[in-house]
Amino acid sequence: MSNQSDKQRAAIAALKYVDEDTIIGIGTGSTVNLFIDALVAQNLRIRGAISSSNATSQRLQQEKIEIFDLNAVGNIDFYFDGADECDSHLRLIKGGGAALTREKIIAAASRRFICMVDESKQVKVLGNFPVPVEVIPMARSYVARQIVALGGHPIWRENVVTDNGNVILDIHGMRIVDPVALEANLNQITGVVMVGLFARRPADVLIVGSENGVKILPDVCLQAL
Ligand code: 5RP
């Protein structure tokens, strides 16, 4: 079970990667909200943020943090986000909050992706958490049939419309031994907008909060980043 204090430990530890006066990428979810709280509490003055969702944008606006358009900024140095599941290669399942498409775009445009999780998110093999897939609405049934052919059990996340106006299929029942291959196979289905598997572009740093403190993977010093 996820634990708020463990998420908070990870979020606070991530602050050491924040350079003041820079524009950073910010993801979506409860861990990210704790990260924003910690940023404000420690009075770290960033130039602004690229936001991954309307929910995060609202939160940033409340804190008077300027939001920039990724198109106007170009690539950025650091992206901060949570995850629903992570393995020892820092490959992730994301999109529990339905923000996977913008999250993946910002991660792609970032030099370093700093992922903050509580220890319950760590798994040996990805797939216990259903893989979210953002889909163009008219392709929903077609994409679902293709996913069944790949061995997955897609469930439509009813009453959820993404910030991009699309729908989400959550793929249950997959033990993902080759996340890079599955990500590629799902990406090839016509009608799929984005897949919540972050395997081809995993996190660069994983900060794991637990009651014993934080663990940072891989175990490299900040200068090496
Ligand atoms: C949103 C995400 C989140 O990072 C993921 O769902 C984790 O959320 P939380 O920090 O609330 O546990 O991918 O689309």
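Computed from a predicted model, the values in this text were never measured in an experiment.

1. Some remarks on the pattern of salt bridges
Going through the model one piece at a time under the given rule, you end up with 11 salt bridges. With a closest N to O distance of 2.6 Å, Arg9 and Asp6 form a salt bridge. Note that Arg9 and Asp6 are positioned in helix H1 (residues 4–14) at a spacing of three residues, about one turn of the helix. Overall, the relative accessible area of 32% leaves Arg9 in the partly exposed class. A salt bridge links Lys94 to Asp81; its shortest N-O distance comes to 2.8 Å. One end of the pair, Lys94, is in the loop between strand S5 (92–93) and helix H5 (100–108); the other, Asp81, is in strand S3 (residues 76–81), and 13 residues separate them in sequence. Each member of the pair Lys94 and Asp81 is classed as buried. When salt bridges that share partners are traced, they join Asp81, Lys94 and Glu103 into one network.

2. Remarks on the domain arrangement of the chain
Here the domain parsing of the chain yields domain 1 (4–122 + 200–224) and domain 2 (131–196). Counting from both sides, the interface comprises 17 residues of domain 1 and, opposite them, 18 residues of domain 2. Approximately 1,400 Å² of surface area, both sides summed, lies buried where domain 1 meets domain 2, with 54% of it carried by carbon and sulfur atoms. Of all residues in domain 1, the largest losses of buried area upon contact with domain 2 belong to Leu100, Thr101 and Lys104, amounting jointly to 37% of the total for that side.

3. Quick look at the site of the ligand
Neighbouring the ligand are 17 residues, the closest being Ser30, Thr31, Asp84, Gly95 and Lys121. Between the ligand and the protein, one listed contact pairs an oxygen atom with a side-chain N or O atom of Lys7 at 2.8 Å. For the ligand, an oxygen atom lies 2.5 Å from a polar atom in the side chain of Ser30. For the ligand, whose unbound accessible area comes to 380 Å², protein coverage reaches 91%. Residue composition of the shell around the ligand, grouped by class: three nonpolar, eight polar and six charged.

Thresholds applied
Residues numbered from 1 in each chain as written. Predicted model: local features only at pLDDT ≥ 70, side-chain atom pairs only at ≥ 80, totals over all residues. Heavy atoms only, no water. Salt bridge = Lys/Arg side-chain N within 4 Å of Asp/Glu carboxyl O. Helix = DSSP H or I, 4+ residues; strand = E, 2+ residues; numbered from the N terminus. Buried < 20%, exposed > 50% of the residue type's maximum accessible area, 1.4 Å probe, protein only. Domains from an automatic or database assignment. Contact = heavy atoms within 4.5 Å. Buried area = accessible area lost by both parts, 1.4 Å probe. Near = heavy atom within 4 Å. Polar contact = N/O pair within 3.5 Å; in protein donor to acceptor, adjacent residues only side chain to side chain. Areas by Shrake-Rupley, 256 points an atom, 1.4 Å probe, with all protein chains shown as cover. Nonpolar A, V, L, I, M, F, W, Y, C, P; charged D, E, K, R; others polar.

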